[in-house]
Amino acid sequence: MINLLDYSYEDLEILIENLRQPKYRINQLYDALQNYKDANSISNLPNDLIAILKKDFIFCPLQIIEEKTGKDGTKKFLYKLQDGNIIEGVLMSYKYGNTLCVSTQVGCKMGCKFCASTLNGFVRNLSSGEIIAQVLCVNKSLGGTYKNRKITNIVLMGSGEPLDNYENVVRFIKNVSYEKGINISQRNISLSTCGLVEKIDALKEENLQITLTISLHAPTDEIRREIMPIANKYTIKQVVEAARRYFNKTKRRIVFEYALIDNVNDSFACADELANILKGLSCHVNLIPLNNVEERNLNGTNKKRAYAFMNRLASKNISTTIRRTIGEDIDGACGQLRNKFISNNM
Ligand code: SAH
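Residues numbered from 1 in each chain as written. Predicted model: local features only at pLDDT ≥ 70, side-chain atom pairs only at ≥ 80, totals over all residues. Heavy atoms only, no water.

Caption draft 1: Representation of the pattern of salt bridges in the model. This model, assessed by the stated rule, comprises 16 salt bridges. Across the pair lysine 75 and glutamate 67 runs a salt bridge whose closest N-O atoms are separated by 3.5 Å. The salt bridge partner of aspartate 201 is lysine 204, with a shortest N-O separation of 3.6 Å. Counted as one network, the salt bridges with shared partners bring together Asp201, Lys204, Glu205, Arg245 and Lys249. (Salt bridge = Lys/Arg side-chain N within 4 Å of Asp/Glu carboxyl O.)

What follows is the structure, encoded as structure tokens:
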């Protein structure tokens, strides 16, 4: 079965033409898909066409099976895929709009010590349609349509390493920002990666306006190797050089994520070294006190130390903020809800 949401508008044009249908069916079908309608609830397409499509194609590749709302309004979703796999998403509301955090893989291969997404290993990549379905499905559940969207921003920061699923992710970004569809501006999309150097180099050639976010989390290779296995493959120098090339090509400021972990990477010496390696690069550092992961013995830095770290960086002219932790009361952080679900239900 082919997922219709894997198709671009142009792919649908070809499909409708091959089925010898009139051209106006293209927009009718595309409208229905962008509004996340399933085959049985599309009233303006003839029954025989729906029957043909239903035979070979999936319309809605995932369903929300659980939804939790935190005290701060953050919503957490669990989705079930056609093959029974479970993925998760988080919706954060801000003054300027709603940001949806999407997953790109079921599980993850990267093995970061502090990340819950990786605890159950890697299962499979999501197709571009399964990624866009998260956006369209939540948009619909909030009462939105693609013309009156309730989601304004997207972060690829859910489960998975987006650049380890490169083609599907790039296709997703192009389809979700397509002008005839839900049309989320690429400038409102952030892609977060643990720093796959060759893929960063490839991405800069795609002519996208997205923000590249790199999970650095350490200022030296020694510390980074302790918490992120990918650091055995690429040095920090290689990652930062790739970031520099990305900026030079796209002129988009790079964001570095730095999870502050108690007694691991939160000393002044670390702040100084971080400032040193980022010197001269147009970038911003997002500090996130680590969300404790019960299964691992790693704890977040306390508030006072986090602010001291931030001020130290700022004093060295590095643009930096502390990201407020959100949705902690609903296991909103990185793979936690899915893990609870899996350990309770499977
Ligand atoms: N694979 C991508 C996206 C995944 S997660 C990446 O590595 O960037 C999005 C962000 O959350 C990453 O910066 C990741 O390192 C961070 N993260 C994971 N677990 C965390 C935790 N327990 N506390 C704080 N941040 C965490």
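From this point, the discussion proceeds with the structure in view.
Caption draft 2: Here's a closer look at the packing of aromatic side chains. One pass over the structure, following the stated rule, counts 7 aromatic pairs. Summarising the aromatic geometry, the rings of phenylalanine 77 and tyrosine 79 are spaced 6.3 Å apart at their centres and angled 20° between planes, so their arrangement reads as stacked. Note on tyrosine 79: relative accessible area 0%, which makes it buried. Here the aromatic residues Tyr9, Tyr30 and Tyr178 are joined through ring pairs into a cluster of three or more. Note that lysine 109 overlies the ring of phenylalanine 122, its terminal NZ or CZ placed 4.7 Å from the centroid. Positioned above the aromatic ring of phenylalanine 268, the side-chain terminus of arginine 312 is 4.5 Å from the ring centre. (Phe/Tyr/Trp six-rings, centres within 6.5 Å; stacked < 30°, edge-to-face > 60°. Buried < 20%, exposed > 50% of the residue type's maximum accessible area, 1.4 Å probe, protein only. Lys NZ or Arg CZ within 6 Å of the ring centre and 35° of its normal.)

Caption draft 3: Expanded view of the domain arrangement of the chain. Along its sequence, the chain is carved into domain 1 (2–57) and domain 2 (62–344). Computed over C-alpha atoms, the centres of domain 1 and domain 2 are 33 Å apart. Buried surface at the junction of domain 1 and domain 2, both sides included, amounts to about 1400 Å², of which 46% is carbon and sulfur. Across the contact surface, domain 1 and domain 2 share 1 salt bridge. We note a salt bridge from arginine 171 to aspartate 11, for which the minimum N-O separation is 2.6 Å. Of all the elements in the fold, those that place two or more residues in the side of domain 1 that touches domain 2 are helix 1 (9–18) and helix 2 (24–34). Its residues assigned to classes, the side of domain 1 that touches domain 2 shows 6 nonpolar, 4 polar and 5 charged. (Domains from an automatic or database assignment. Buried area = accessible area lost by both parts, 1.4 Å probe. Helix = DSSP H or I, 4+ residues; strand = E, 2+ residues; numbered from the N terminus. Nonpolar A, V, L, I, M, F, W, Y, C, P; charged D, E, K, R; others polar.)

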